[in-house]
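# Reading the structure
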Amino acid sequence: LPTDFEYFYVHETGHNLGSYHDNKYHCTGALPFGRPSDCEHREYGNWYSVMGRSFLGNHFSGISKSSFSSSHPTKWLDSQNEIWIHNSQQIDIDPIETSSGNLLLIDFDNDMKPEYTVEARSPVGYDIPPNLLNGEQINVNLDGVFLYRTYDPYLNQTPLTLNARLVDAHNTGLSTFFEENDNALSIGREFYDPVLGVRIKARKLTNGKFRVFIDNT
C-alpha cells in the first residue's frame, strides 16, 4: 500500500471484520514442506497479503475473505466461492483478485479441519506487484496457485486454531527478502507434503482460471 496509514487502516479493519494475520511456514531444505522440526512459523510472514507484511501484494488472502464471511453479515465469500474437498480431485478456480461469482478458494482436509487452503493469484489491478524493493530490482511471481497450511496438528493446540501460513512452493531454504519473491506454485511445479502424502500441482487455462490437481492417494 502507498502509505503506512493506508496499510494500518486496511490491516486493522481486517481484524475488526474477523481476520487473523497471514503468516508464513518457512522450511529449510530442498522440499517446500518437510518435517515439522524443519519448519518454523513466521508471524506476518506473508508478503502478499495486507494481513501480513504486504510488501509484494495488497490483497486480502482467500482465508481472510473466508473469515470475513463467517463472522460478518456482509459476506465476501459464499458457497459458490469456496469449496471443501476430502479426496483427490481436479478443480478449476479463478484468481482471488477477480470479482466473479465463481469458485475462488479450495479447502482440503482429512479430518474435518482444512489441512490446506488453495487460492489462485494474478497480477491484476491493485495487486500488481512492485519491481523495486529496498532500492533493489525484484521480479515478483504473482501468477500461480498459493498454498496455505492452516490447522496444524503438530503444534499440539487444544483446541486447534486457524493459522494461515503461506507455504513457499519454490523453497530454496534461504532467508533473504529475495526468497519471498517467488512463493507461488507455478506451471511445471509440483508441491509434495511427505508427512501427509499430499501432492498439488496446477496449470493456467486460456480463460484465466487455474486448474488445480490435488492427489492424496
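These numbers were taken from a predicted model, which means no experiment stands behind them. (Residues numbered from 1 in each chain as written. Predicted model: local features only at pLDDT ≥ 70, side-chain atom pairs only at ≥ 80, totals over all residues. Heavy atoms only, no water.)

Moving on to the overall build of the protein. If you tally the helices and strands in the protein, you get two helices and 13 strands. Expressed as a percentage of its 217 residues, the buried residues of the protein come to 49%. Contacts in the protein between residues at least 24 apart in sequence constitute 56% of all its contacts with a sequence separation of at least 6. Counting every atom, the protein has about 10300 Å² of accessible surface; 53% of that belongs to carbon and sulfur. (Helix = DSSP H or I, 4+ residues; strand = E, 2+ residues; numbered from the N terminus. Buried < 20%, exposed > 50% of the residue type's maximum accessible area, 1.4 Å probe, protein only. Contact = heavy atoms within 4.5 Å. Areas by Shrake-Rupley, 256 points an atom, 1.4 Å probe, with all protein chains shown as cover.)

On to the sheet that holds strand β12 (residues 198-204). Strands sit in the order β4-β13-β12-β11 across an open sheet of four strands; the sheet is antiparallel. The open sheet has two free edges, formed respectively by β4 (89-93) and β11 (190-193), since each of these has just one partner strand. Sheet twist, expressed as the average angle between the axes of neighbouring strands with direction ignored, equals 20 degrees. Of the pairings in the sheet, the one linking β12 to strand β13 (residues 210-215) comprises six bridges and is antiparallel in character. Bridge assignment links Lys201 to a residue of β13, and that residue is Phe213. (Pairing = 2+ DSSP bridges. Axes fitted to C-alpha atoms, helices over the stretch in contact; angles between N-to-C directions.)

The subject of this paragraph is the nonpolar core. Ranked by size, the top nonpolar core spans 24 residues in total, and within it Ile93, Val118, Ile200 and Val212 carry the most contacts. When contributions to this core are tallied by element, the ones reaching two or more residues are β1 (22-27), β4, β5 (105-109), β6 (114-121), β9 (144-149), β12 and β13. When sequence neighbours within four positions are dropped, the list of residues in contact with Val118 reads Ile93, Leu104, Leu105, Ile106, Val145, Phe146, Leu147, Ile200, Val212 and Ile214. Residues Tyr48, Leu133, Val140 and Phe146 belong to the second largest nonpolar core, which totals 13 residues. (Core = buried A, V, L, I, M, F, W, Y, C linked by side-chain atoms within 4.5 Å.)

As a further point, take the confidence of the model for the protein. Low pLDDT means the predicted coordinates in that region are not meant to be read closely. The pLDDT averaged across the protein works out to 78; a share of 78% of its residues lies at or above 70. At the low end of the mean pLDDT range in the protein sits strand β7 (residues 132-133), at 71; at the high end sits β4, at 93. (pLDDT = per-residue confidence, 0-100.)

It is worth spelling out the pairing of β11 at this point. The side chains of a regular strand alternate, first on one face of the sheet and then on the other. Residues Phe191 and Asp193 point to one face of β11 and are all buried, whereas Glu190 and Tyr192, pointing to the other face, are not buried. Here β11 pairs with β12 via four bridges, running antiparallel. Bridge pairing links Tyr192 to Arg199 in β12. Two successive antiparallel strands, β11 and β12, enclose a turn made up of four residues, where Gly197 displays a positive phi of approximately 70 degrees.

Now for the pattern of salt bridges. Note on pairing: side chains with opposite charge can pair once their charged atoms come close. For the structure on display, the rule yields six salt bridges. Between Arg121 and Glu119 there is a salt bridge whose closest N-O contact spans 3.4 Å. Take Arg121 and Glu119: they sit in the same class, and that class is buried. Through salt bridges that share partners, Glu97, Glu119 and Arg121 make up one connected network. (Salt bridge = Lys/Arg side-chain N within 4 Å of Asp/Glu carboxyl O.)

Helix length check: helix α1 (residues 4-16) (13 residues) gives 18 Å between terminal C-alpha atoms against 18 Å at 1.5 Å per residue, within 8%. Residues Tyr7, His11 and Gly14 constitute the buried set of α1. One side of α1 carries all its buried residues, which in axial view fall inside an arc of 55 degrees. Within α1, the exposed residues directed more than 90 degrees away from the buried face are Phe5, Tyr9 and Asn16. Once α1 finishes, Gly18 follows within two positions and takes phi at roughly 115 degrees, a positive value. (Expected span 1.5 Å × (residues − 1). Arc of directions from axis to C-beta.)

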